[in-house]
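Chain and residue survey
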Amino acid sequence: MHPAIQGLLTIAFGVGGCVAYFYLANLALDHVICPARGRHAGRNINRANLVRPWLFLLPALAAMGLYLVYPVIETLRLSLGERLPGNAFEFVGLANYAQMVSEAKFWEALTNNLLWLLIVPAFATAFGLLAAQLSDRVRWGNLAKSLIFMPMAISFVGAAVIWKLVYDARPLGQEQIGVLNALYLALGGDAPATWLTIPFWNSFFLMAILIWIQTGFAMVILSAALRGIPEETVEAAIVDGANPFQLFFRIKVPQIKGTIVVVWTTITIVVLKVFDIVFAMTNGQWETQVLANYMYDKLFRANDWGVGSAGAIVILLLVTPILVWNVLSARKEMR
Amino acid sequence: MENIVGQKPALRWAVHGSLLALVLLWVFPTAGLLVSSFRTSDQISGSGWWQAMLPQEQNRTLRAKAPDTQTVENGLHVIEGNLFETPATITAWGVSSRAIDDFAPGDTAPLRKGGTVTLAANGDYRFEHTEAFTGKRGQRLFVTATSPPEFTFENYESMLFDERNSEGIGQAFLNTFIVTVPATVIPILIAAFAAYALAWMDFPGRALLIALVVALLVVPLQLALIPLLKLHNTVGIGKGFVGVWLAHTGFGMPLAIYLLRNYMVGLPRDIIENARVDGATDFQVFVKIILPLSFPALASFAIFQFLWTWNDLLVAMVFLIDATGDTTVMTKHIVELLGTRGGNWEILATAAFVSIVVPLAVFFLLQKYLVRGLLAGSVK
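Residues numbered from 1 in each chain as written. Chains lettered and ligands numbered in written order. Predicted model: local features only at pLDDT ≥ 70, side-chain atom pairs only at ≥ 80, totals over all residues. Heavy atoms only, no water.

1. Examining the overall build of chain B
A count of helices and strands for chain B gives 14 helices and eight strands. Whereas a compact globule of 380 residues would reach a radius of gyration of roughly 21 Å, chain B reaches 32 Å, over 25% beyond that. Buried positions account for 51% of the 380 residues belonging to chain B. Residue pairs in contact within chain B that sit at least 24 positions apart in sequence constitute 71% of those at least 6 positions apart. Chain B carries 26 positive and 29 negative side-chain charges, and their two centres are separated by 9 Å. (Helix = DSSP H or I, 4+ residues; strand = E, 2+ residues; numbered from the N terminus. Rg over C-alpha atoms; globule rule 2.2 N^0.38 Å. Buried < 20%, exposed > 50% of the residue type's maximum accessible area, 1.4 Å probe, protein only. Contact = heavy atoms within 4.5 Å. Lys, Arg positive; Asp, Glu negative; His and termini not counted. Charge placed at Lys NZ, Arg CZ, Asp CG, Glu CD.)

Okay, here's the thing in structure tokens:
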């Protein structure tokens, strides 16, 4: 069979099955199990209404339970044990964690991750705020926003290829085709640098990619927040003689602090999961390892599920404060 | 208000200037890839892409026609022709790799095996020898030539239509669609029903479920890799599209429910209650009223999920493992190219651009909805 036809068939099968579930389940509930007619019509309607929410929720709960809740528990279990030949499992307590903290690569990944967490959200938010403020009162602002927002649509892998070209290095004497080296040599650098292999600094070159991607996101949200600032406060400040910088830092920024926090945390979550960029650019060599890639290495290269799962749990622990904060603020909102 | 910037021309120029600088900085890397994908591999390695519009001076090694094309004129054996496929101007040339710029255009140089060669600035050459030229391949000539800027569709042609490459990339492109379409539609459908239940139906445990959804928003999907891989293998969907669809459905679910519920809660209560009073069942209310009214929210999540599944690498690498390569998606294909053809920029740039064309098109066409969805999700 031609692969295109096969693809179409599988798509139809997947989507159709889903539609059929909701349609048929409702049909069955209303007409067969609890028909809204005959002697027990009223009782049946009430019963149907008791069941229906769960009918609507079932696929979603099943998907979330299976793909998010169960893995958390199972990963926790795997991180406390060791896989034995023949699918057996032995409980080893914290041995995996002990092994993990004894590895230099883990500390390298953790340190790098913390650096990423400090730098990427800060710069992406700052650039986003700058872009939002600058584009707000300029006639071509919307075009500018679209162009800065564009990297959001590009895959991390695509971005990796794009930036590999930027960081490309040729031996001295050849024409440089990487922008950064061309610039570096033009500004008086003595030899082309292979940017991605300079320990410590290379992480920053990788971070630049994520900042480049995430700035658009920060900009869009912060620009909406800036527009939401009541005009009176701004006008009052102008009347009082505030200069543009005072206006921005003393009047506008404090009023959108809440939104800045939201943007910051959202980017933080993205950073914690960052994997593709490091995987495609350096694969964790030259001291650029991050937790997500460390974990992938353990799981699929070293085939060490115990330590790999322990690494995953570390990532979970790092997001837990955000998780708690999210739930608390959602509850506050609902009241 | 509007004149705060306009009051001081210096400040206005500073604003325009810094915004322009920011935009250029942000567009520059992508532009590099786009321009590179239209250049030949010689040109890409010969000069930076930002010089693509300028004439280029390059050192090239070119081969004249083979000796079997020689003709005899007045007792002299002659080979004639032109070195270039596209016009270029020679500034210096040589017959040996050790002295590539010994001669000026129009000069006549002696050959090592006897005979002479004359090379004009436009690349016309003429070999002359009293004896017959021997050997299978043509003589090498080393030229320093300036060629006008040149752009080509060849990379795209060879990537998309040449069977050696296109089979891989065409298949990967198709696979990405097969992964993406159901992985976008199914979660929306499932999440819409769930969001409706959480927004408009009253049942015990509702608040708890909403809290659960919010909590799951931040659970990293890395945790899911091993447990679910084990599960998929046990069930027997370890190596196919079904597993990836399910994974994307599960991972996208919290955001989908969260966005859609937030939107649906804001719909006017009157319409829904009137419909109920008129005897509509929940299913009818959902399909006929809620779904059409929620179109903006559905669209924005659809775009998100589409971009996310199209651009995903990790889920595809873990749940779509297949040694045959029949189910490879675009992102994986490019990572492989990065490994094996890391230096071939014309191939990499073209493949990368083919893979980002679809999300970019979606992005620019539907940006309005994307922004609306972002705002609904993050700011109240």
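Anyway, onward from the coordinates.
2. Focus: the overall build of chain A
When helices and strands are tallied, chain A shows 14 helices and two strands. At 27 Å, chain A has a C-alpha radius of gyration far larger than the 20 Å of a compact globule built from 335 residues. A principal-axis box enclosing the C-alpha atoms of chain A has dimensions of 90 × 70 × 50 Å. For chain A, buried positions account for 51% of its 335 residues. The long-range fraction of contacts in chain A, counting pairs at least 24 apart against all pairs at least 6 apart in sequence, stands at 63%. Carbon and sulfur atoms make up 67% of the accessible area of chain A, which amounts to about 15700 Å² in all. (Areas by Shrake-Rupley, 256 points an atom, 1.4 Å probe, with all protein chains shown as cover.)

3. Topic: the sheet that holds strand 6 (residues 116-119) of chain B
All names here are of chain B. Spatial ordering of the open sheet is given by 2-3-7-6-5, a layout of five strands whose pairing is antiparallel. The two strands at the open ends of the sheet, each matched to only one other strand, are strand 2 (71-73) and strand 5 (108-110). Across the sheet, the mean angle separating the axes of adjacent strands is 30° when strand polarity is ignored. Strand direction decides the pairing type here: strand 3 (residues 76-82) and strand 7 (residues 124-129), joined by six bridges, are antiparallel. Note that in strand 7 the partner of Glu80 across the bridge is Arg126. (Pairing = 2+ DSSP bridges. Axes fitted to C-alpha atoms, helices over the stretch in contact; angles between N-to-C directions.)

4. Quick look at a nonpolar patch on the surface
On the surface, Tyr23(A), Leu24(A) and Leu27(A) cluster together into a nonpolar patch covering about 290 Å² of accessible area. Mapping Leu24(A) onto the fold places it in helix 1 (residues 3-33). (Patch = residues over 30% accessible without salt bridge, like charges linked within 9 Å, V, L, I, M, F, W, Y side chains within 5 Å. Salt bridge = Lys/Arg side-chain N within 4 Å of Asp/Glu carboxyl O.)

5. Quick word on the packing of helix 8 (residues 201-227) of chain A against helix 11 (residues 257-272) of chain A
All names here are of chain A. Where helix 8 meets helix 11, the axes come as close as 10 Å, and the angle between the chain directions of the two elements is 155°. Between helix 8 and helix 11, the crossing angle belongs to the class labelled roughly antiparallel. Crossing of helix 8 against helix 11: the hand is right-handed. On helix 11, the residues touching Leu210, Gln214, Phe217, Ala218, Ile221, Leu222 and Ala225 of helix 8 are Thr259, Ile260, Val263, Thr266, Ile267, Val270 and Val271. (Parallel < 35°, antiparallel > 145°, perpendicular 65-115°, else oblique. Left-handed = near helix turned anticlockwise from the far one by under 90°.)

6. Here's the deal with the pattern of salt bridges
All names here are of chain B. Under the criterion given, the structure shown has 10 salt bridges over all chains. Across the pair Glu128 and Arg126 runs a salt bridge whose closest N-O atoms are separated by 2.6 Å. By relative accessible area, which is 25% here, Glu128 ends up partly exposed. Across the salt bridge formed by Glu336 and Lys332, the nearest N and O atoms sit 3.1 Å from each other. Taken together, the positions of Glu336 and Lys332, both in helix 13 (residues 330-340) and four residues apart, correspond to about one turn of that helix. Overall, Glu336 belongs to the partly exposed group, its relative accessible area being 38%.

7. With respect to the interface of chain A and chain B
Chain A puts 108 residues into the contact, and the matching count from chain B is 109 residues. Approximately 9800 Å² of surface area, both sides summed, lies buried where chain A meets chain B, with 82% of it carried by carbon and sulfur atoms. Among the salt bridges present, the one from Glu74(A) reaches Lys230(B), with a minimum N-O distance of 3.0 Å. Seen at the junction of chain A and chain B, the total is eight residue pairs in polar contact (both at pLDDT 80 or more). At 22 residues, helix 2 (residues 41-79) of chain A tops the list of elements feeding residues into the side of chain A that touches chain B. Grouping the constituent residues of the side of chain A that touches chain B by class yields 78 nonpolar, 15 polar and 15 charged. (Buried area = accessible area lost by both parts, 1.4 Å probe. Polar contact = N/O pair within 3.5 Å; in protein donor to acceptor, adjacent residues only side chain to side chain. Nonpolar A, V, L, I, M, F, W, Y, C, P; charged D, E, K, R; others polar.)

8. Regarding the confidence of the model for chain A
Scored by pLDDT, chain A has a mean of 83; 96% of the residues are at 70 or more. Put simply, strand 2 (residues 88-91) of chain A is where chain A has its lowest mean pLDDT, 75, and helix 4 (residues 104-136) of chain A is where it has its highest, 89. (pLDDT = per-residue confidence, 0-100.)

9. Remarks on the side chain of Arg52(A)
Locating Arg52(A) in the fold gives a position in helix 2. Arg52(A) gets classed as buried once you look at its relative accessible area, which sits at 4%. For Arg52(A), the side chain forms a polar contact with the side chain of Asn26(A), separated by 3.0 Å. Those residues in contact with Arg52(A) that sit more than four places away from it in its chain are Asn26(A), Leu29(A), Asp30(A), Met201(B) and Asp282(B).

10. Quick look at the nonpolar core
If you look at soluble globular proteins, the nonpolar side chains tend to sit buried side by side. Core analysis: the largest hydrophobic core is formed by 209 residues, its most contacted members being Trp116(A), Phe251(B), Met264(B) and Phe319(B). Among the elements that line this core, the one with the most residues is helix 5 (residues 163-200) of chain B, at 18 residues. Those residues within four positions of Met264(B) in sequence are excluded, and the remaining contacts are Ala192(B), Ala195(B), Tyr196(B), Ala199(B), Trp200(B), Phe286(B), Ile290(B) and Ser294(B). Judged by nonpolar contacts, the second largest core, of 19 residues, contains Phe84(B), Ile90(B), Trp93(B) and Leu141(B). (Core = buried A, V, L, I, M, F, W, Y, C linked by side-chain atoms within 4.5 Å.)

11. Some points on the packing of helix 2 of chain A against helix 7 (residues 225-235) of chain B
Their axes nearest at 7 Å, the elements helix 2 of chain A and helix 7 of chain B cross at an angle of 105°. With respect to their mutual orientation, helix 2 of chain A and helix 7 of chain B come out roughly perpendicular. Contacts between helix 2 of chain A and helix 7 of chain B involve Leu66(A), Tyr67(A), Tyr70(A), Pro71(A), Glu74(A), Thr75(A), Arg77(A) and Leu78(A) from the first element and Ile226(B), Pro227(B), Leu228(B), Lys230(B), Leu231(B) and His232(B) from the second.

12. Examining the confidence of the model for chain B
When pLDDT is averaged along chain B, the result is 80, and 93% of the positions lie at 70 or above. Across the interfaces of the predicted complex, the ipTM metric reaches 0.84, alongside a pTM of 0.81.

13. Points about the sheet that holds strand 1 (residues 56-63) of chain B
Residues and elements named next belong to chain B. One open sheet holds the three strands; their spatial order is 1-8-4, and the pairing between them is antiparallel. Of all the strands in the sheet, just strand 1 and strand 4 (89-94) have a single pairing partner and so form its edges. Sheet twist, expressed as the mean angle between neighbouring strand axes with direction ignored, is 25°. Here five bridges tie strand 4 to strand 8 (residues 140-147), and the two strands are oriented antiparallel to one another. Looking at strand 8, one finds that Thr89 is bridged to Thr146.

14. Side note on the packing of aromatic side chains
All told, the structure shown has 35 aromatic pairs over all chains when counted by the stated rule. The interplanar angle of 70° and the centroid separation of 5.1 Å between the aromatic rings of Trp54(A) and Phe203(B) together place this pair among those described as edge-to-face. Separated into two different chains, Trp54(A) in helix 2 and Phe203(B) in the loop between helix 5 and helix 6 (206-216) make up a pair that spans both. Taking relative accessible area as the criterion, Phe203(B) reaches 8% and is therefore assigned buried. Taking the centre distance of 5.1 Å and the plane angle of 80° together, the rings of Phe363(B) and Phe364(B) count as edge-to-face. Take Phe363(B): its relative accessible area is 0%, and that puts it in the buried class. Counting every residue linked through ring pairs, the aromatic cluster contains Tyr21(A), Phe22(A), Tyr23(A), Phe56(A), Phe193(B), Tyr196(B), Phe283(B) and Phe286(B). Across from the ring centre of Tyr369(B), 5.4 Å away, lies the NZ or CZ of Lys368(B), which sits over that ring. (Phe/Tyr/Trp six-rings, centres within 6.5 Å; stacked < 30°, edge-to-face > 60°. Lys NZ or Arg CZ within 6 Å of the ring centre and 35° of its normal.)

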